[in-house]
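Overview (structure and organization)
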Amino acid sequence: MNIRPDEISSLIKEQLKKYETKIEQSTDIGTILTIGDGIAMVYGLQNAMLGELLLFPNNVYGMVMNLEEDNVGVVLLGSDLEIKEGDIVKRTGQVVEVPVGDALLGRVVNALGQPIDGKGPINTIETRPIERSAPSIMDRQSVNSPLETGIKVIDSMIPIGKGQRELIIGDRQTGKTAIAIDTIINQTGKDVICIYVAIGQKNSSVAQIAQRLNQFGCMDYTVIIDASISEPAPLLYISPFSGTAMAEYWMYQGKDVLIIFDDLYKHAISYRSLSLLLKRNPGREAFPGDIFYLHSRLLERCAKLNSALGGGSITALPIVETLAGDISAYIPTNIISITDGQIFLSTSLFNSGIRPAVDTGLSVSRVGSNAQFRAMKKVTSSLKMIIANYNELKSFSQFGSDIDEATRKTLRYGENLIAVLKQEQYKPLQIDEQVLQFFCVKYNFLNDLKPNEVNSFLSDLYKYVKDFHNDILEKIKITHDIKKPDRDNLRTIITTFKNERKAIN
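A brief report on the enclosed structure follows. Values in this document were obtained by computation on a predicted structure and should not be read as measured data.

Structural notes on the overall build of the protein
The number of helices and strands found in the protein is 16 helices and 16 strands. Burial statistics for the protein: of 505 residues in total, 50% are counted as buried. Taking the intrachain contacts of the protein between residues at least 6 apart in sequence as the baseline, contacts between residues at least 24 apart amount to 74%. When the accessible area of the protein is evaluated, it comes to approximately 24300 Å², of which 51% is carbon and sulfur surface. One finds the centroid of the 55 positive side-chain charges in the protein at a distance of 6 Å from the centroid of its 59 negative side-chain charges.

In structure tokens, the structure reads:
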């Protein structure tokens, strides 16, 4: 075969003419410019999406939070100790997702849904993105069925409905978490799945809560998400969104879910830390300008779906800690305006021995009696007014010793009502016992008792009615109503019990 050099040279010249010096850069690979404090600035990644998951060296993942002109700001969902400037970062094309499903029940997981309770892996292959649009107006229905807390002062005057968002607000150590835990305990046998999201709490505190729920057999229908104070700020930031994603799985199956965020003030602080490190412009109290949107897009996902979508619901009990009872601070006012009411816990009531220390004057449920059983409505309709009158008369009576008989009766009636509303922790009451107690208040069966005698009387009365007239209590449980014949019978029964009790004493 003859080789012709002139042909070869002409071919090479032709190829050199067509050669392009343009270098194509991959838009799926970037380079770390700076890293520190759990924040990385990555050059490249022109096609990265907000909220997208990125893969760093040593299998550490990060989430895109900022989209700049020539770089992206990423928060790391793991340790940054073995990551350095110049390292390669890859897109995954996915957003942050967490595992969902019944396999999570009874487990303690971190903000990414990974088990931290030592019980092995979670056997589920289903996942949901942590960020999702809230149900539209047409997808919802009005809140009309009560979520029973078992706490007398709440079920009687500040009723919570399935699909409602009711804020629990108060100073440190006033019983906010206690109300949430008692509500979880009271869901036993009521087919309500519970999710407790601990944001910025101590691991020891979360362990105690898990132990207490185990003690009462509540972990069978409960998931605990622990984003402890020792975790990086990004995990604290995503934890309530992870919990809501898990709750949505059951809601769209037509089930009722109760989710507790404890607490959203610490969540706001974690978001503020991330925003400042990402060099976002600070606003009031150094919080970023979108802090309101952060919590509104979270809480708006909690709703009651219409029957076409299965009628499931997510009821949210966000908790916010205040300083010196200041509910007009920035974060509390934001969340008050988002939620459907608030339960305000007073330090002065707590210190005076009234527990739960719910201030009925500042507490409100915007759903109101729409989320209350008919039986409860009939016996508690005027309680808020009675307590308001009692508090007013009590403050005036301190200035003078001469009190007329009518005022003395009103004060005694109010004192006995306050005694009825006192309740021990971890002892939620069912509807039949609550209705019986408020029935005694409404029809003046406690007027001849001293405040310290009220609770023992009510306890003995419930045992007596349960032993000898249980049909009335069962009817209240089943029908959620107390009609006139039963009311008349109950009056006779209570009168008989009082007479027998006096005879014995």
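That shown, we press on.
Thoughts on the nonpolar core
Ile184, Leu213, Ile343 and Leu446 are the most contacted members of the largest nonpolar core, which totals 70 residues. Non-local contacts of Ile343, meaning those with residues more than four positions away in its chain, are made with Ile154, Ile158, Ile160, Glu166, Leu167, Ile168, Ile169, Ile179, Val358 and Ser363. Among the nonpolar cores identified, the runner-up in size contains 60 residues, and Val98, Ala111, Leu294 and Phe344 belong to it.

Some details on the pattern of salt bridges
Oppositely charged side chains may form a pair once their charged atoms are brought near each other. Summed over the entire model, instances satisfying the criterion amount to 24 salt bridges. Across the pair Arg128 and Glu248 runs a salt bridge whose closest N-O atoms are separated by 4.0 Å. Taken as a pair, Arg128 in strand S9 (residues 127-129) and Glu248 in helix H5 (residues 233-251) lie far apart in primary sequence, 120 residues in all. Each of the two residues, Arg128 as well as Glu248, counts as buried. A salt bridge links Asp481 to Arg374; its shortest N-O distance comes to 3.8 Å. Of the two residues, Asp481 is situated in the loop between helix H15 (470-479) and helix H16 (484-504) and Arg374 in helix H10 (residues 374-380); the sequence distance between them amounts to 107 residues.

Some remarks on the packing of aromatic side chains
The tally for this structure, following the rule as stated, stands at 9 aromatic pairs. Judged by centre distance (5.3 Å) and plane angle (20°), the rings of Tyr237 and Tyr271 are stacked. Here Tyr271 lies in helix H6 (residues 264-277) and Tyr237 lies in helix H5, a separation of 34 residues in the sequence. In this structure, Tyr237 and Tyr271 share a single accessibility class: buried. Ring plane angle 40° and centroid distance 5.1 Å describe the contact between Tyr464 and Phe497, whose orientation is recorded as tilted. Note that Tyr464 is positioned in helix H14 (residues 451-468) and Phe497 in helix H16, a separation of 33 residues in sequence. Like Tyr464, the residue Phe497 is buried in the burial classification.

Examining the pairing of strand S10 (residues 167-170)
Side-chain alternation along S10 places Leu167 and Ile169 on one buried face and Ile168 and Gly170 on a second face that is also buried. Strand direction decides the pairing type here: S10 and strand S15 (residues 341-345), joined by 4 bridges, are parallel. Pairing of Ile169 across the sheet is with Phe344, part of S15.

A look at the sheet that holds strand S2 (residues 39-44)
Spatial ordering of the closed barrel is given by S1-S2-S5-S4-S3-S6, a layout of 6 strands whose pairing is antiparallel. Put simply, the sheet's adjacent strands are angled 45° from each other on average, direction ignored.

A word on the environment of Pro356
Tracing the sequence through the fold places Pro356 in the loop between helix H9 (347-351) and strand S16 (364-365). With residues near it in sequence (within four places) discarded, Pro356 still touches Ile151, Val153, Ile179, Leu421 and Gln423.

About the cut-offs
Residues numbered from 1 in each chain as written. Predicted model: local features only at pLDDT ≥ 70, side-chain atom pairs only at ≥ 80, totals over all residues. Heavy atoms only, no water. Helix = DSSP H or I, 4+ residues; strand = E, 2+ residues; numbered from the N terminus. Buried < 20%, exposed > 50% of the residue type's maximum accessible area, 1.4 Å probe, protein only. Contact = heavy atoms within 4.5 Å. Areas by Shrake-Rupley, 256 points an atom, 1.4 Å probe, with all protein chains shown as cover. Lys, Arg positive; Asp, Glu negative; His and termini not counted. Charge placed at Lys NZ, Arg CZ, Asp CG, Glu CD. Core = buried A, V, L, I, M, F, W, Y, C linked by side-chain atoms within 4.5 Å. Salt bridge = Lys/Arg side-chain N within 4 Å of Asp/Glu carboxyl O. Phe/Tyr/Trp six-rings, centres within 6.5 Å; stacked < 30°, edge-to-face > 60°. Pairing = 2+ DSSP bridges. Axes fitted to C-alpha atoms, helices over the stretch in contact; angles between N-to-C directions.

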